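Topology and contacts: notes
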Amino acid sequence: MAIYSPGLSVLSQNAALPPDWPGGYWLHWLVFVVIIMTFVLASIMGFIYFERRGIGRFQVRLGPNRTGPFGILQPVADAIKVLLKEDIVPAKGDRIVHWLAPVVAFVPVLLIFAVVPFGGGALLADLNIGILYVVAVSSVTVVGVFMAGWASNNKYSLLGAMRDVAQVVSYEIPLLLSIVGVVLLTGSLSMIKIVAAQDLPFILLQPLGFLIFFMAALAEINRTPFDLLEAESEIVAGFHTEYSGMKFAMFYLVEYAEVLAISAIITTLFLGGWRGPLLPPFVWFLIKVFGVFFFIFWIRSTIPRLRIDQVMAFAWKALLPLALLNLVVTGIEIVALPAISPWVIILINLGVLAVLVVVWSRFFKLGGGRVAV
Amino acid sequence: MAVKTELKLKTEPFVLNIGPVHPSTHGVFRMRATLDGEVLIDLEPVFGYLHRGIEKLAEGRTYTQVIPLTDRLDYLASMSNNLAYVMAVEKLAGITVPERAEYLRVIMAELQRIASHLIAVGAFLNDCGAFMTPILYMIREREKILDLLEMVSGQRLTYNYMRVGGVSQDIPGEFLPALRKFVQRMPSYIDEYDQLLAENEILLARSKGVGILPKDMAINASASGPVLRASGVKWDIRKADPYSVYDRFQFDIPTGSVGDCYDRYRVRVQEMRQSVRIIKQVMEGLPEGEVKAEVAHFLRLPVGETYAHIESPRGELGFYLVSDNSIAPYRLHIRAPSLINLTALRDMTLGWKVADVIIIFGSIDINMGEVDR
């Protein structure tokens, strides 16, 4: 079924639970839950520091440099500040939903990490529907965001939340379709098997799929240029305008946890996961995650934002047809050329990518914008 | 149409107060926007939050004491305000200004134009969602201009530099070398901004064809400055009614063709290049001599009225002065270009989406200090 998966059997043995694991099944869960929580929170803090310093450099300024050496304690200072802030609920807001929203938004993002392999076999649960689980769970976050927008009883919040729902629901489709290309190559939905199949990183075998996934993912996690739901210059802070204190911090965590999760998924699906020469697996994993993250905030500090109708048009008129084409091309390759060298397929795919992107960008028009009133 | 009656889906417009405290209203401006979803169907500008009664205050001060008040009008272009006011007084009193003072005035006014346009363009790009990066690059260059203006006046924002009959003091020795260095470097900085954003696909999609102000409507609204020139009207007071020594220098008037946000942005960038060109010529021809004519301390102007106007960074800035031969103006009226350019806002924004309204508003480049006075 899968064409590029030698060595699969060796690794999938690693993926199973080690028989000599002390304490057995439940201890494994406990240990990994602790590891994931620590990893996520620690990486988010690291990312926040790194992003603030990095963006400072991009913007010809220094960035935070007062707290600790090189400002390394800045995330700690931020966290303390945010904890001490007063928690304000709008007078006519829905108190319960307002309280629940950050939790509903945050938990699904944490759940994603349950199936992310940090190393060969180092993961909480090797679900055989791993990537499907990721897509399913991650789309719950939007419910939390919409709850926040609704409960705040604020028009800016509501506008932001409506934008988010429209955007995330639309981009789910190209996102899924680009994942299907990877799944076709692997023949499995399991994250471990997807990594194991990547003797060549799938970014080479699925360049178009990678591009589509990356752009759709940027829209899913609301990063520039699709950061419409918290578009500062338009709707103040979007859905979290009315949030303060720890509840705001939860949304802040969601934002970064989503970036971390999407970096981890891109790493797993397209960049060969933990695999790499010389260095230990988790180091490779971290390096790749970090690289993707760097790329995301590089984009953030460089380009302007799209408008809501342009964002929607881009999803339905550009990404969706491209994703379908990518699927067809991948399918044909797998059925018709099963024995051919992967390098030939890489050349074909890069050619397809170049042609499609050039042609599509010629024909794709973002359409008007003005409505007669 | 049976479907429509079955659905019973009813939407109604809602009113959103954009401002007076909002990140993108450039001060305390309020737009009472009626929205149908994202689309703007009605807009009512509300201002007056920054009214300080400057025109009335001027009636109780001597002619020299009014100069600091004019600093507080358009605080991003204090030099231009100074210049327009002292020109009005000189015109009514019949004072001739020494050559060197005229040349210095032109240098300061053009430096001020660059500084003001840097903020205008940066803020416009910020409104487009280019997360702070362009504006911080532009603030870097604006700092250099502020340093130069600080050298001559001792102030960084409210210069109070021009005097009736000349300027308050001659330039210090280190000014000209510093200015020469700045003038040499500025064009390459402008190239840098253009490289980053001028042909950026997203910026084009956001600003091309958005917020078109047709030629006839621009003239009817009595718009001036870059807003008018972007609509294709070649009207610049420096050429149309030359004041000071502008008739001695070579420069072009950049105009747009369509009158959309992109044209307004481009016109400003081109004007910065032209200002650099003017400053170069002024430096070459800078004569020696007095910088201030002998003017009585308590100046009494002859009974009468006058109107003096200049091309400020935002358009035609005019001072209408009535004198009753006392030591203070009988009446001082200011034709603020920001306020008058703002009158076209409703026609430009109707039917566009919230995100467009923000950038259309940003592209007019108003300054609330001048609108409210």
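Calculation criteria
- The numbering scheme is per chain: residues are counted from 1 as the chain's sequence reads.
- The lettering of chains begins at A and the numbering of ligands begins at 1, in the order of writing.
- Predicted model: local features are reported for residues with pLDDT of at least 70 only, side-chain atom pairs are reported and counted for 80 or more only, and whole-chain, interface and lining totals are derived from all residues.
- Side-chain measures were taken over the full set of non-hydrogen atoms in the model, leaving aside hydrogen atoms and water.
- Where helices and strands are cited, they refer to DSSP runs of H or I of at least four residues and of E of at least two residues respectively, numbered from the N terminus.
- Here, residues are in contact when the closest pair of their heavy atoms is within 4.5 Å.
- Exposure was quantified through the Shrake-Rupley algorithm and a 1.4 Å probe, taking into account, for residues, occlusion by the shown protein chains and nothing else.
- This radius of gyration counts C-alpha atoms alone. The globule rule is 2.2 Å times how many residues there are, raised to the power 0.38.
- Burial here depends on accessible area, computed with a 1.4 Å probe over protein chains only, as a share of the maximum for the residue type. Under 20% is buried, over 50% is exposed, and the range in between is partly exposed.
- A strand pair is defined by DSSP finding two or more bridges across the two strands.
- Convention adopted: a line fitted to C-alpha atoms gives each axis, helices being fitted over their contacting stretch, and angles between N-to-C directions are expressed from 0 to 180 degrees.
- For classification purposes, an angle smaller than 35 degrees is called roughly parallel, one larger than 145 roughly antiparallel, one from 65 to 115 roughly perpendicular, and anything else oblique.
- Charged means Asp, Glu, Lys or Arg here, nonpolar means Ala, Val, Leu, Ile, Met, Phe, Trp, Tyr, Cys or Pro, and polar covers whatever is left, Gly included.
- Throughout, buried area stands for the accessible area (probe radius 1.4 Å) lost by two parts on being put together, summed over both.
- Every case where a carboxyl oxygen of Asp or Glu lies within 4 Å of a side-chain nitrogen of Lys or Arg is listed as a salt bridge.
- As used here, the term nonpolar core means buried Ala, Val, Leu, Ile, Met, Phe, Trp, Tyr and Cys residues forming a set that is joined through side-chain atoms within 4.5 Å.
- Side-chain rings of Phe, Tyr and Trp (the six-membered ring for Trp) are treated as a pair once their centres are within 6.5 Å; stacked means planes under 30 degrees apart, edge-to-face means over 60, and tilted covers the remaining angles.
- Placement of a charge over a ring requires the Lys NZ or Arg CZ to be within 6 Å of the ring centre, with the centre-to-atom vector within 35 degrees of the ring normal.
- How sure the predictor is of each residue is captured by pLDDT, a score from 0 to 100.

Attention shifts here to the overall build of chain A. Within chain A one finds 15 helices and zero strands. At a minimum sequence separation of 6, the contacts of chain A that also span at least 24 residues come to 78%. Here chain A has roughly 16,200 Å² of accessible surface; of this, 75% comes from carbon and sulfur atoms.

This next bit is on the overall build of chain B. Looking only at helices and strands, chain B features 16 helices and eight strands. Here chain B has a C-alpha radius of gyration of 22 Å; the compact-globule value for 373 residues is 21 Å, and the two agree. Based on the C-alpha atoms only, the size of chain B along its principal axes is roughly 85 × 45 × 35 Å. Counting across all 373 residues of chain B, residues that qualify as buried make up 61%.

If you trace the three strands from one edge of the open sheet to the other, you get 1-2-3 (chain B), paired in antiparallel fashion. Two strands bound the open sheet, and with one partner strand each, they are strand 1 (14-18) and strand 3 (39-46) of chain B. The mean angle between the axes of side-by-side strands here comes to 25 degrees, regardless of whether they run parallel or antiparallel. In the sheet, strand 1 of chain B pairs with strand 2 (residues 30-36) of chain B via five bridges, with the strands oriented antiparallel. The residue bridging Leu 16 of chain B from the neighbouring strand is Ala 33 of chain B, located in strand 2 of chain B. Its contacts with the sheet place helix 7 (residues 155-186) of chain A against strand 1 and strand 2 of chain B, and it is angled at close to 110 degrees to strand 1 of chain B.

Each pair of packed helices gets described by two things: the angle between the helix axes and the distance between those axes. Residues and elements named next belong to chain A. Axis separation between helix 7 and helix 14 (residues 308-336) bottoms out at 9 Å; the angle between their running directions is 10 degrees. With respect to their mutual orientation, helix 7 and helix 14 come out roughly parallel. Of the residues that constitute the contact of helix 7 with helix 14, the class distribution is 20 nonpolar, five polar and one charged.

So, on to the environment of Val 135 of chain A. All names here are of chain A. One can find Val 135 in helix 5 (residues 130-138). A relative accessible area of 8% places Val 135 in the buried class. A C-alpha to C-alpha distance of 8.1 Å links Val 135 and Glu 172, two positions 37 residues apart in sequence. Ignoring any residue separated from it by four or fewer positions in sequence, one finds Val 135 in contact with Leu 176 and Ile 179.

Chain A puts 31 residues into the contact, and the matching count from chain B is 42 residues. With both chains or domains summed, chain A and chain B bury close to 3,100 Å², and 62% of this area falls on carbon and sulfur atoms. Run the count over chain A and chain B and you get three salt bridges. Between Asp 356 of chain B and Arg 307 of chain A there is a salt bridge, and its shortest N-O distance comes to 2.8 Å.

This paragraph deals with the nonpolar core. In terms of nonpolar packing, the biggest core is built from 117 residues, with Met 108, Leu 111, Met 186 and Tyr 265 of chain B touching the most fellow members. Tallying contributions element by element places helix 5 (residues 99-127) of chain B first for this core, with 13 residues. Once you skip the residues sitting within four places of it in the chain, Tyr 265 of chain B turns out to touch Val 121, Phe 124, Leu 125, Asp 194, Leu 197, Ala 198 and Leu 203 of chain B. Counting residues in each nonpolar core, the second largest holds 99 residues, with Val 183, Phe 213, Phe 239 and Leu 319 of chain A among its members.

Let's shift gears to the packing of aromatic side chains. Here the structure, examined in full by the defined rule, presents 31 aromatic pairs over all chains. The interplanar angle of 50 degrees and the centroid separation of 5.9 Å between the aromatic rings of Phe 47 of chain A and Phe 290 of chain A together place this pair among those described as tilted. Remark: Phe 290 of chain A occurs in helix 13 (residues 281-300) and Phe 47 of chain A occurs in helix 2 (residues 24-58); sequence separation between them is 243 residues. When the ring of Phe 294 of chain A is compared with that of Trp 298 of chain A, the centres are 6.0 Å apart and the planes differ by 45 degrees; the resulting orientation is tilted. Of the two residues, Phe 294 of chain A and Trp 298 of chain A both sit in helix 13, four residues apart, roughly one turn of that helix. In this structure Phe 294 of chain A comes out as partly exposed when scored by relative accessible area, which is 32%. On the accessibility criterion, Trp 298 of chain A (39% relative accessible area) is partly exposed. Taking the ring centre of Tyr 256 of chain A as reference, the NZ or CZ of Arg 223 of chain A above it sits at 5.5 Å. Cation over ring: Arg 266 of chain B sits above Tyr 265 of chain B, and NZ or CZ is 5.5 Å from the ring centre.

Right, let's get into the pattern of salt bridges. Residues and elements named next belong to chain B. Throughout the structure, instances matching the rule amount to 38 salt bridges over all chains. Taking the shortest distance from any N to any O, the salt bridge between Arg 113 and Glu 110 comes out at 3.2 Å. Of this pair, Arg 113 and Glu 110 are both found in helix 5, three residues apart, which corresponds to roughly one turn of the helix. For the residue pair Arg 113 and Glu 110, the accessibility class agrees, reading buried in each case. Linking Arg 156 and Glu 143 is a salt bridge whose minimum nitrogen-to-oxygen distance equals 2.6 Å. Pair noted here: Arg 156 is in the loop between helix 6 (133-153) and strand 4 (162-163) and Glu 143 is in helix 6, with a separation of 13 residues, a long-range link. Looking at Arg 156, the relative accessible area reads 29%, which means it is partly exposed.

This paragraph deals with the confidence of the model for chain A. Taken residue by residue, chain A gives an average pLDDT of 80. The fraction at 70 or more is 88%. The low-confidence segment residues 1-15 of chain A, where pLDDT is below 50, has 24 contacts with residues more than four positions distant or belonging to other chains.

Another point: the sheet that holds strand 7 (residues 315-323) of chain B. All names here are of chain B. Reading across from one edge, 6-7-8 is the order of the three strands in this open sheet, with antiparallel pairing throughout. Every other strand in the sheet has two partners, leaving strand 6 (304-312) and strand 8 (331-335) as the edge strands with one partner each. Averaged over all adjacent pairs, the angle separating strand axes in this sheet is 15 degrees, with direction ignored. The pairing of strand 6 with strand 7 spans nine bridges and is classified as antiparallel. Bridging across to strand 7, Gly 304 finds its partner in Ser 323. The strands that helix 4 (residues 78-93) touches are strand 6, strand 7 and strand 8; relative to strand 6, the one it contacts most, it runs at about 150 degrees.

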